[in-house]
Amino acid sequence: MAAAGSLERSFIEISGAEREKPRHFREFTVCGVGNANALTGTVKYSESAGGFYYVDSDKLFSVTRNRFIHWKTSGDTLELMEESLDINLLNKAVRLKFQNCSLLPGGVHVSETKHHVIILILTNQTVHRLLLPHPSRMYRSDLVVESQMQSIFTDIGKVDFRDPCNYQLIPAVPGLPPNSTTSVAWLSNDGEALFALPSAAGGVFVIKLPPYDIPGTVSVVELKQSSVMQRLLIGWVPTAIRGDQGPSDRPLSLAVHCVEHNAFIFALCQDHKLRMWSYKDQMCLMVADMLEYIPVNKDLRLTAGTGHKLRLAYSPSMGLYLGVYMHAPKRGQHVAVFTSLEALHVPDNRNFYGGFIT
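Residues numbered from 1 in each chain as written. Predicted model: local features only at pLDDT ≥ 70, side-chain atom pairs only at ≥ 80, totals over all residues. Heavy atoms only, no water.

Per the secondary structure count, the protein includes four helices and 23 strands. The proportion of buried residues among the 358 residues of the protein is 46%. Sequence-distant contacts in the protein: of pairs separated by 6 or more residues, those separated by 24 or more amount to 52%. Entry remark: accessible area of the protein is about 18000 Å², with carbon and sulfur atoms responsible for 54%. (Helix = DSSP H or I, 4+ residues; strand = E, 2+ residues; numbered from the N terminus. Buried < 20%, exposed > 50% of the residue type's maximum accessible area, 1.4 Å probe, protein only. Contact = heavy atoms within 4.5 Å. Areas by Shrake-Rupley, 256 points an atom, 1.4 Å probe, with all protein chains shown as cover.)

See the structure below:
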């Protein structure tokens, strides 16, 4: 009986006309979290989007089978949507407006634990942690046969966005620029919520919220390039070992890769270099010049980068992938993909692939 029920829901016919129906968003305003004066003269941040799939989304009998979350940010607005290819989810689309704030590019991160779906949000003035019930907590049946069920966003209106355990103003610390154009967030193995922002001096600031169920205080650390390790690391020798940093070192794009109780933060910077930081050791472990991997002329090497982008993907079977987009105005765009960390120090390594787009 269970097998028959599962087979009935193992496929679905998708109607193009039905999928084109406009979504109904429930709208909520996160009031009083920012300073209205801080918006005066600020930069206009680019729109961004992303997605998340559940760990058990590929399991036939899982309540999260074929189920995923995607989002879009624009100005002060975050749109969150949960989708399922098997069933109709109720109350699945929400629109959050952060009063007097702007969502930062890369400022949304979704992860899951046994009991919760946790959404980390970073604006130009605040950091937020949303705790929502995991679908397995909302529906305990081993077999989903209903045609519809509630989304995890059903009760988001009950969330206290100003709970000091899950919300903080970004502190005014020296070296933290008011208009960061990139950010990244992640959840540690210990349940801490961490948010990274570029430092005006070329390093990385990391804001840490303690686990939601453990009393603690917010902390801020700055990862400085002056802590470059002066030793070998799996074949790397840092290409720039110096204590001072200039404006050209400022990160333009950030990405993070978590390994057990450590997080490695990658920063693609204005000087066209890729840097890797260890949050646990608070050290810059590697510097790699991206211009060594692509055809360039002297003018590009002397020009500060403006539109570089960095993307990271990881799977236990395929390993770590780094995608590097080098923006070169009037000279085409360069794309490089590294399929292993070792590829970064050997330009002709077989695990490196590069391309040129005119």
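The sheet built from four strands is open, its strands ordered S12-S13-S14-S15 with antiparallel pairing. Edge positions in the sheet fall to strand S12 (184–187) and strand S15 (219–223), since each has one partner strand and no second. Each neighbouring strand pair of the sheet contributes to a mean axis angle of 20°, computed without reference to strand direction. Alignment of strand S13 (residues 193–198) against strand S14 (residues 204–209), held across six bridges, turns out to be antiparallel. (Pairing = 2+ DSSP bridges. Axes fitted to C-alpha atoms, helices over the stretch in contact; angles between N-to-C directions.)

With that out of the way, let us pick up the sheet that holds strand S9 (residues 126–133). The four strands lie next to each other as S7-S8-S9-S11, forming an open sheet whose pairing is antiparallel. Every interior strand has two partners, whereas the edge strands, strand S7 (103–112) and strand S11 (167–169), have only one. Each strand of the sheet is rotated relative to its neighbour by a mean of 10°, with strand direction disregarded. By the bridge criterion, six bridges tie S7 to strand S8 (residues 116–123) in an arrangement that is antiparallel. Bridging from a neighbouring strand, Leu103 pairs with Thr123 of S8.

Let us now look at the pattern of salt bridges. As enumerated under the stated definition, the model contains 12 salt bridges in all. In this structure, the salt-bridge partner of Glu79 is Arg95, at a minimum N-O distance of 2.9 Å. Of this pair, Glu79 sits in strand S4 (residues 77–84) while Arg95 sits in strand S6 (residues 93–98), and the two are 16 residues apart along the sequence. With its nearest N and O atoms 3.1 Å apart, the salt bridge here joins Glu83 to Lys92. Several salt bridges share partner residues, and in doing so they unite Glu27, Lys72, Glu79 and Arg95 into one network. (Salt bridge = Lys/Arg side-chain N within 4 Å of Asp/Glu carboxyl O.)

Looking now at the pairing of S4. The buried fraction of S4 is high, at eight of eight residues. The two faces of S4 match: Thr77, Glu79, Met81 and Glu83 on one face and Leu78, Leu80, Glu82 and Ser84 on the other face are all buried. Counting the residues that bridge the hairpin from strand S3 (residues 67–74) to S4 gives two residues, and of these Gly75 lies at a positive phi of roughly 60°. Summarising the sheet, S4 and S6 pair through five bridges and their orientation is antiparallel. Paired with Leu78 across the two strands is Leu96, which belongs to S6.

Time to look at the side chain of His257. By the secondary structure assignment, His257 is in strand S16 (residues 251–259). Residue His257 is classed as buried on the basis of its relative accessible area, which comes to 12%. Sequence-distant contacts of His257, that is, excluding residues within four places in its chain, are made with Asn262, Ala263, Phe264, Phe266, Leu312, Tyr314 and Leu320.

This paragraph deals with the layout of surface pockets. By volume, the largest pocket amounts to about 1600 Å³. What lines the largest pocket is a set of 45 residues, among which His109, Val110, Ala185, Val256 and Leu312 lie closest to the centre. Those elements that provide at least two residues to the lining of the largest pocket are strand S2 (48–53), S3, S7, S12, S16 and strand S20 (309–315). It is S7 that contributes the most residues to the lining of the largest pocket, nine residues altogether. Looking at the lining of the largest pocket residue by residue, the class counts come to 25 nonpolar, 16 polar and four charged. (1 Å grid on protein atoms, 1.4 Å probe; cavity = no way out; pocket = protein on both sides within 12 Å on 5 of 7 lines; lining within 4 Å. Points joined across faces, edges and corners; volume = space filled by probe spheres on them. Nonpolar A, V, L, I, M, F, W, Y, C, P; charged D, E, K, R; others polar.)

Summed over all chains, the structure comprises two aromatic pairs. Both rings, one in Phe52 and one in Tyr54, keep their centres 5.4 Å apart while their planes meet at 75°; by these two values the pair is edge-to-face. Each of the two residues, Phe52 as well as Tyr54, counts as buried. Summarising the aromatic geometry, the rings of Trp186 and Tyr279 are spaced 6.1 Å apart at their centres and angled 80° between planes, so their arrangement reads as edge-to-face. Pair noted here: Trp186 is in strand S12 and Tyr279 is in the loop between strand S18 (273–278) and strand S19 (283–289), with a separation of 93 residues, a long-range link. In this structure, Arg95 is placed above the aromatic ring of Phe25, and the distance from its NZ or CZ to the ring centre is 4.3 Å. (Phe/Tyr/Trp six-rings, centres within 6.5 Å; stacked < 30°, edge-to-face > 60°. Lys NZ or Arg CZ within 6 Å of the ring centre and 35° of its normal.)

Once that is clear, we can look at the pairing of S3. Residues Arg67, Ile69, Trp71 and Thr73 point to one face of S3 and are all buried, whereas Phe68, His70, Lys72 and Ser74, pointing to the other face, are not buried. Direction of pairing for S3 relative to S4: antiparallel, over a ladder of eight bridges. Residue Arg67 lies in a different strand from S4, and its bridge partner there is Ser84.

This paragraph deals with the nonpolar core. Among the nonpolar cores identified, the biggest contains 23 residues, and Ile69, Leu78, Ile119 and Phe153 are the most heavily contacted of them. Broken down by secondary-structure element, the contributors of at least two residues to this core are S3, S4, S6, S7, S8 and S9. What Phe153 contacts, discounting residues up to four positions off in sequence, is Arg26, Ile69, Leu80, Met81, Glu82, Asn91, Lys92, Val94, Ile119 and Leu132. Among the nonpolar cores identified, the runner-up in size contains 22 residues, and Phe264, Leu268, Leu320 and Phe338 belong to it. (Core = buried A, V, L, I, M, F, W, Y, C linked by side-chain atoms within 4.5 Å.)

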